[in-house]
Amino acid sequence: MDADDGSRPSLDVSIDPETFLSTYWLKAELVGFCRDNGLPVSGSKTEITERIHRFLLTGEVVAPSVRNTVRHDGPIALDAEIGEGFVCTEERRAFFEQHIGKGFRFNVPFQKWLRSHPRSTYAESIAAYREVHGDGTIGPQFEYNTYIRDFFADNSGRSLEEAIVCWRYRRSLQGPHRYQREDLVALDRLIR
């Protein structure tokens with residue numbers, strides 16, 4: 001599991017738990033570790049990371065969280081409850097577009113709000129959408145997406161290829177994998 005420059009540690013049972021957390025791993029690498037060590041492989045990248053970290057700390061194998069799969073198939077109306085196990089469907093998208101406008105998107109913060117407020121009405125969800133929409137939040141499992149967005153916010157006129165070179169440099173380092181202006185040093189290395 002070595003990085004392009006060889007500075008990345010190997011992902012195996014001997015890795016220090018804190019080094020594990022401070023290193024960037026692809027989801028496929030995390031799933032491979034789980035398979036090799038008898039850990040469940042289901043869940044989001046964040047859930048798998050937490051499962052591996054706990055395993056490295058304690059040796060404990062934690063079962064994946066059980067997701068509520070109950071679907072609410074009641075009427076979609078302003079005064080109707082959202083219901084448990086909200087699922088983004090085309091019918092619901094059309095409803096929200098009708099009441100919010102064509103710019104409506106099931107963004108991550110709004111989906112989280114919908115799933116955590118099953119007893120709220122669709123009218124309340126529309127008000128909540130207007131509060132959370134457009135805040136630019138990207139879930140922690142999408143480090144690459146966040147990095148690329150922040151790179152371009154700080155470097156207009158740069159190319160995606162340059163952003164990817166800087167991303168690869170940042171992910172090879174220990175610590176947070178968020179864009180920092182100093183990552184541009186990776187582009188200097190390309191010129192040499």
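Now for a quick tour of the structure. Worth saying up front: this structure is predicted, and the values here are computed from it rather than measured.

## A few points about the overall build of the protein chain
(1) Moving on: Of regular secondary structure, the protein chain possesses 9 helices and 0 strands.
(2) Moving on: Going through the 192 residues of the protein chain one by one, you find that 35% of them count as buried.
(3) Moving on: Carbon together with sulfur atoms contributes 52% to the accessible area of the protein chain, which is approximately 11200 Å² in total.

## Examining the environment of Glu47
(1) Moving on: With respect to the helices, strands and loops of the structure, Glu47 is situated in helix 3 (residues 45–58).
(2) Moving on: Separated by 17 residues in the primary sequence, Glu47 and Pro64 have C-alpha atoms spaced 7.7 Å apart.

## Some points on the nonpolar core
(1) Moving on: Grouped together as the largest cluster of nonpolar side chains are 14 residues, with contacts concentrated most on Phe86, Phe96, Phe104, Phe106, Phe110, Leu114 and Tyr122.
(2) Moving on: Looking at this core, the elements that each hand over two or more residues are helix 4 (90–100), helix 5 (108–116) and helix 6 (122–132).
(3) Moving on: Tallying contributions element by element places helix 6 first for this core, with 4 residues.
(4) Moving on: Counting 13 residues, the second-largest nonpolar core is a separate cluster that includes Leu11, Leu30, Ile52 and Phe55.

## Details of the pattern of salt bridges
(1) Moving on: Applying the stated criterion to the full structure yields 12 salt bridges.
(2) Moving on: Between Arg54 and Glu60 there is a salt bridge, and its shortest N-O distance comes to 3.1 Å.
(3) Moving on: Counted as one network, the salt bridges with shared partners bring together Glu81, Glu84 and Arg119.

## As for the environment of His117
(1) Moving on: Mapped onto the elements, His117 comes out in the loop between helix 5 and helix 6.
(2) Moving on: At 2.8 Å, the side chain of His117 and the backbone oxygen of Trp113 are in polar contact.

## Notes on helix 5
The periodicity of an α-helix, 3.6 residues per turn, causes residues three or four positions apart to be oriented the same way.
(1) Moving on: Within helix 5, burial applies to Pro109, Phe110, Gln111, Trp113 and Leu114.
(2) Moving on: Sitting at the amino-terminal end of helix 5 is Asn107, which places a side-chain oxygen 2.9 Å from the backbone nitrogen of Phe110.

Thresholds applied
- Residues numbered from 1 in each chain as written.
- Predicted model: local features only at pLDDT ≥ 70, side-chain atom pairs only at ≥ 80, totals over all residues.
- Heavy atoms only, no water.
- Helix = DSSP H or I, 4+ residues; strand = E, 2+ residues; numbered from the N terminus.
- Buried < 20%, exposed > 50% of the residue type's maximum accessible area, 1.4 Å probe, protein only.
- Areas by Shrake-Rupley, 256 points an atom, 1.4 Å probe, with all protein chains shown as cover.
- Core = buried A, V, L, I, M, F, W, Y, C linked by side-chain atoms within 4.5 Å.
- Salt bridge = Lys/Arg side-chain N within 4 Å of Asp/Glu carboxyl O.
- Polar contact = N/O pair within 3.5 Å; in protein donor to acceptor, adjacent residues only side chain to side chain.

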